[in-house]
Amino acid sequence: MSNRLPSLTKIAPKMKGMPGWARRLDRFALSKGVARIPKDIPIDDAEVAKLESSKSKASEAKAGSKVVIPRFYVERKRAKKNRNSEKDFGGESSSSGSSGGHDNTNLQEKIMAVARVDYAKRALKVQATEKDLEMFHGAIKAFSLQRGSPPGWLDYDDYCELKLRAPSRLVPALTTSLFLRLPKDNNGLVKVDAVLYYLSRLREMKAGYLSLLAATKGSEAGSISGDDLRLWLHEEAKKMHEVKTKNIMLAKIYAQTSTRKLLFFLDPHRTGYISVRRLISSSHFTHFQQVQERQRVDEMAREYQVGSFNSDMTRWFEPKTSLKLYGVFLKMDSRNKGSLTESDFRLWNKNGVWSRGPLTTQFVRNLWQVLDMPVGSSGTKEMDFDTYLEFAVAISHLHTIEGMRYMWRVLDIERFGFLARFHIRGLMDSVMDRIRDHGKRFIEKKAGNVQEIFDMTRPKDAGKIELKDLISSQQGGLIISIMIDAQRFWAHEHREHILAGQNP
């Protein structure tokens, strides 16, 4: 009898004071033929919850990561916050009723921003200077005379010896990996000018990075907005000699023109932000630094910077270029409204010969349809100074991919992705109309002009020209210019007379 299982009616009174999970467990045991008669121990839900809480606390105490993690820990995957939600370190957030965790997050970000700005200011004070480079250059000359080694060249032993004589601020940059990366001759020697140029560029890039870090108020996003970049360029322009001697208002114009070029080339998707790393490593930023400190740039650095220094044919970062661009805009603004109508813009680049402007009517009409411009007091689209600067950058850099992409949007207004022969014939008809408007005598050769453009482009498809065909032809800038600018087309057709010094 002791082995018999108790019936459910006998154990039911004992199950009344038990929690639900215990009763279900006993029913399951009885169904499986296992005797599990609960003892008379009072168990309720509150005690079970208390037991589970004590177990969770014990597990948290054993877990070392939960103890090490600081109070201001924030997960990496967090929602993107509005960058303009906080005006300053002491400003109030635009969102109200935030929780305590959100306040901790904001406090952590503010503390980190202040720390980054403080680091940038301290690092700017202790970084290598131009005087350190001059001292190192003098040490190299003295070492060459002492050792009698070939002037201007160093082997690895000489490199290590000069590292011991270098100023303390330059020593961290003179690594073994630097010597291995530098170009060498057949004997394994590196050029002294290459070492000095590398140190000079490293110093400029580091100074630019730290200065931008301070300008962005320690933002951890790794990018700088167009407005912050304009403010930074405005402060840097005030330090330039040309701005100080001419007009302090030039600093604002200079910052606007320089910002527009940097955004044009380094922000192709028009997000309004530029990566700081991409900015300081670009040739455009190098040119800006050279213009900013050109009195201190020696002939050695200019020799090694020929490619990128001359790539900016218009000297865009020169203060006089900013004045010229602003003067042209003011001359076209006949209403003194600070914006240009379509008829005003037709007078772009006008001169004594091309008094009505060289740009074709069809190109200007397409430009006004493509660009996103506000409607002004005249009831039509009007071009502001920033939009004008973007056009000026594009037409001044037609030899670049970015410049050709800008103009392609205007030429391919139907968004076919190509220009057929009838498209180019229409563009050339507009060029001929502009030439006749200025009283030029010219024998029209429409079919010949269209075929010449195809011959210069050499497209894969003989019946149409795509953007990639213009880029691969290495003459895309010239081809686009002769389809939109009557003056450049005239100069191209009479290039032999111009080279010979004759008046066409």
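Scroll up to find the structure this text is about.
Residues numbered from 1 in each chain as written. Predicted model: local features only at pLDDT ≥ 70, side-chain atom pairs only at ≥ 80, totals over all residues. Heavy atoms only, no water.

(A) Local environment of the nonpolar core. Residues Phe345, Tyr388, Phe391 and Met407 are the most contacted members of the largest nonpolar core, which totals 55 residues. Ranked by the residues each element gives to this core, the list is headed by helix α20 (residues 385-396), at eight residues. Excluding residues that lie within four positions of it along the chain, Met407 makes contacts with Phe363, Phe391, Ala394, Ile395, Leu398, Ile480 and Ile484. (Core = buried A, V, L, I, M, F, W, Y, C linked by side-chain atoms within 4.5 Å. Buried < 20%, exposed > 50% of the residue type's maximum accessible area, 1.4 Å probe, protein only. Helix = DSSP H or I, 4+ residues; strand = E, 2+ residues; numbered from the N terminus. Contact = heavy atoms within 4.5 Å.)

(B) Structural context of the packing of aromatic side chains. Enumeration according to the criterion identifies 18 aromatic pairs in this entry. For the pair Tyr156 and Phe179, a centre-to-centre distance of 5.2 Å together with 65 degrees between the ring planes defines the contact as edge-to-face. Here Tyr156 is found in helix α7 (residues 156-165), whereas its partner Phe179 is found in helix α8 (residues 176-181), with 23 residues between them in sequence. For Tyr156, a relative accessible area of 34% puts it in the partly exposed group. Summarising the aromatic geometry, the rings of Phe264 and Phe265 are spaced 5.1 Å apart at their centres and angled 80 degrees between planes, so their arrangement reads as edge-to-face. The pair formed by Phe264 and Phe265 is uniform in burial state, with each residue classed as buried. Site record: aromatic cluster; members linked through ring pairs are Phe345, Trp348, Phe363, Trp368 and Phe391. Note that Arg421 overlies the ring of Phe454, its terminal NZ or CZ placed 4.1 Å from the centroid. Sitting above the plane of the Phe418 ring, Lys464 keeps its charged end 4.8 Å from the centroid. (Phe/Tyr/Trp six-rings, centres within 6.5 Å; stacked < 30°, edge-to-face > 60°. Lys NZ or Arg CZ within 6 Å of the ring centre and 35° of its normal.)

(C) Main features of the pattern of salt bridges. By the definition in use, this model includes 15 salt bridges. Asp386 is paired through a salt bridge with Arg230; the nearest N and O atoms lie 3.7 Å apart. Here Asp386, found in helix α20, pairs with Arg230, found in helix α10 (residues 226-237); they are 156 residues apart in sequence, far enough to count as distant. A single network of salt bridges, built from pairs that share partners, joins Arg230, Arg260 and Asp386. (Salt bridge = Lys/Arg side-chain N within 4 Å of Asp/Glu carboxyl O.)

(D) Molecular detail of a nonpolar patch on the surface. Residues Trp21, Leu25 and Phe28 make up a contiguous nonpolar surface patch of about 320 Å² in total accessible area. Mapped onto the elements of the fold, Trp21 is located in helix α2 (residues 20-31). (Patch = residues over 30% accessible without salt bridge, like charges linked within 9 Å, V, L, I, M, F, W, Y side chains within 5 Å. Areas by Shrake-Rupley, 256 points an atom, 1.4 Å probe, with all protein chains shown as cover.)

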